Amino acid sequence: MTSSRVAAIDCGTNSIRLLVADVDPETGVLTELDRRMEVVRLGQGVDRTGRLAPEALARTLDQAAEYARVIEELGATRTRFVATSATRDAENRGEFVEGVLARLGVEPEVVSGTEEAELSFRGATGVVAANHPGPFVVVDLGGGSTELVLGTDAPEAAWSMDVGCVRMTERHLRSDPPTAEEISAARADVRAALDTASLTVPLGKAATLVGLAGSVTTVTAHALGLERYDRDRIDGAVLSVDQTLAACEDLLGRTRAEREALGFMHPGRIDVIGAGALVWAEVVRRVRDDVAAAGGELTSVVTSEHDILDGIALSIA
């Protein structure tokens, strides 16, 4: 059977991303042709209003039209558009669905947090499993939600928390830099969400902790001391737990101007990376502590640039 050329789109709370790839349906090997990301902040204000803001909707649909052009140019024959946290929460998501359909000719699937987690797991472990032992805890840290998945060859337990870099910024971290009180409130929020998640996902079973998405890759770039964002250096990077936590704390404590001056920082992440770093630090601490309580030891964290986009592409083929 010949490979299929497919297009995968992931539209989250903060960004919209495209992957066009050739996928061998028998081996699951994915050959990337184009991968791109734009910060559109679709989830702007959704946590407070329950609705997608008109200007956020316009930004996102403009980018969907641009992706339609790329998909046609590269000749992808099948497209799957997956929408996640912001659209799950929005009263007016029908406007979004109609707008995407008009521009791309496909209807966006507003997937559940559980399916989002499963797609992320498949995308990440397809690459990570070759070099690291399972069971894996895969963490996809997004703008509005964070997915936790435990499994080895397939997901065994999954949970989606309403915790993400945009949601935590809007809810708690309003000062520049965040105050001690704001940080304390945000941490309490994340820890409560992790308490609930751990009832479904036994985090202590992890042999390898894998982090995905922009907040995690940005923390990794900082920990590695990169002068510019380098996907090849970041993908598969193994950091110690202490390195990871130190990078998180440093980003959280910086001012907006100090974050903006970092050469690897995407402009669309400057205002939300503090919250992203806070969430990632809390997740890493919790998994480390739960592994220790189960009699094991978690000393390192793996970062993957392969994530839900790869999972979506594989699901099409």
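In what follows, the structure referred to is the one given above.
Anyway, here's the lowdown on the structure attached to this text. The shown structure was predicted, so the numbers you read here are calculated from the model rather than taken from an experiment.

Let's talk about the side chain of Glu282
Right, on to step 1. Structurally, the position occupied by Glu282 is in helix 12 (residues 273-293).
Right, on to step 2. Owing to a relative accessible area of 4%, Glu282 belongs among the buried residues under this scheme.
Right, on to step 3. Here the side chain of Glu282 touches Arg187 through a polar contact of 3.2 Å, side chain to side chain.
Right, on to step 4. Apart from the residues lying within four places of it in its own chain, the contact partners of Glu282 are Arg187, Val190, Arg191 and Leu194.

Focus: the pattern of salt bridges
Right, on to step 1. For the structure shown, the criterion picks out 25 salt bridges.
Right, on to step 2. The partner of Asp34 in a salt bridge is Arg36, and the shortest N-O contact between them spans 2.8 Å.
Right, on to step 3. Residue classification places Asp34 among the buried residues on the basis of a relative accessible area of 17%.
Right, on to step 4. Residue class for Arg36 comes out partly exposed when judged on its relative accessible area of 31%.

A short note on the nonpolar core
Right, on to step 1. Of all hydrophobic cores here, the largest spans 48 residues; its most connected members are Leu209, Trp280, Val283 and Val287.
Right, on to step 2. At the level of elements, strand 6 (136-141), strand 7 (146-151), strand 8 (155-161), helix 7 (180-197), helix 8 (214-223), helix 10 (241-253) and helix 12 are the ones that each hand at least two residues to this core.
Right, on to step 3. What Val283 contacts, discounting residues up to four positions off in sequence, is Val139, Leu148 and Leu194.

Some thoughts on the sheet that holds strand 4 (residues 78-83)
Right, on to step 1. The mixed open sheet is built from 5 strands, whose spatial order is 3-2-1-4-5. For this open sheet the edge positions go to strand 3 (30-39) and strand 5 (109-110), each flanked by a neighbour on one side alone.
Right, on to step 2. Here strand 2 (residues 15-23) pairs with strand 3 via 9 bridges, running antiparallel. Note that in strand 3 the partner of Ile16 across the bridge is Glu38.
Right, on to step 3. Helix 2 (residues 54-74) contacts strand 1 (4-11), strand 2, strand 3 and strand 4 of the sheet and is inclined by roughly 15 degrees relative to strand 2.

Overview of the environment of Glu95
Right, on to step 1. Within the fold, Glu95 resides in helix 4 (residues 93-104).
Right, on to step 2. Along the primary structure Glu95 and Glu73 are separated by 22 residues, whereas in three dimensions their C-alpha atoms are 27 Å apart.
Right, on to step 3. For Glu95, the contacting residues outside a window of four places in its chain are Arg51 and Leu57.

Remarks on the side chain of Ser120
Right, on to step 1. Turning to its location among the elements, Ser120 is positioned in helix 5 (residues 113-128).
Right, on to step 2. Classification of Ser120 by relative accessible area gives buried; the value is 1%.
Right, on to step 3. Among residues more than four places away in sequence, those in contact with Ser120 are Val138, Asp140, Leu212, Asp307 and Ile308.

Looking at the environment of Arg51
Right, on to step 1. Mapped onto the secondary structure, Arg51 falls in the loop between helix 1 (46-49) and helix 2.
Right, on to step 2. For the pair Arg51 and Asn92, spaced 41 residues apart in sequence, the C-alpha separation works out to 5.8 Å.
Right, on to step 3. The residues touching Arg51, leaving out its near neighbours within four places in the chain, are Gln44, Val46, Ala90, Glu91, Asn92 and Glu95.

Regarding helix 12
Right, on to step 1. Look at helix 12: 30 Å from first C-alpha to last across 21 residues, which is about the 30 Å you get at 1.5 Å a residue.
Right, on to step 2. Once helix 12 ends, the next one or two residues include Gly295, with phi positive near 95 degrees.

Considerations on the pairing of strand 2
Right, on to step 1. Of all 9 residues in strand 2, 9 are buried; the element is thus mostly enclosed.
Right, on to step 2. Residue alternation in strand 2 divides its side chains into two sets, Ser15, Arg17, Leu19, Ala21 and Val23 and Ile16, Leu18, Val20 and Asp22, and both sets are buried.
Right, on to step 3. Pairing between strand 1 and strand 2: 8 bridges, direction antiparallel. Bridging from a neighbouring strand, Cys11 pairs with Ile16 of strand 2.
Right, on to step 4. Here strand 1 hands over to strand 2 after 3 residues, the two strands then running antiparallel side by side.
Right, on to step 5. Taken together, strand 2 and the strand that follows it, strand 3, pair antiparallel across an intervening segment of 6 residues, in which Gly28 is found at a positive phi of about 80 degrees.

Criteria and cut-off values
Here the residue numbers are simple positions, counted from 1 along each chain's written sequence. Where local features are concerned, this predicted model is filtered to residues with pLDDT of at least 70; where side-chain atom pairs are given and counted, the filter is 80 or more; whole-chain, interface and lining totals use all residues. With hydrogens and water excluded, all non-hydrogen atoms of the structure serve as input to the side-chain values. Every helix listed is a DSSP run of H or I at least four residues long, and every strand listed is a run of E at least two residues long, numbered separately from the N terminus. Relative accessible area decides the class of each residue, using a 1.4 Å probe on protein chains only: under 20% of the type maximum gives buried, over 50% gives exposed, and in between gives partly exposed. Any N or O atom pair separated by 3.5 Å or less is treated as a polar contact, with the protein-specific requirement of one donor-capable and one acceptor-capable atom, and with residues adjacent in sequence counted only for side-chain atom pairs. Should any heavy atoms of two residues lie within 4.5 Å, those residues are considered in contact. For this analysis, a salt bridge means a side-chain nitrogen from Lys or Arg found within 4 Å of a carboxyl oxygen belonging to Asp or Glu. Nonpolar cores are built from buried Ala, Val, Leu, Ile, Met, Phe, Trp, Tyr and Cys residues. Side-chain atoms within 4.5 Å join them into one set. Two strands qualify as a pair provided DSSP detects at least 2 bridges between them. Axes here refer to lines fitted to C-alpha atoms; in helices the fit is confined to the stretch in contact. Angles between the N-to-C directions go from 0 to 180 degrees. A helix's residues, less one, multiplied by 1.5 Å, set its expected span.

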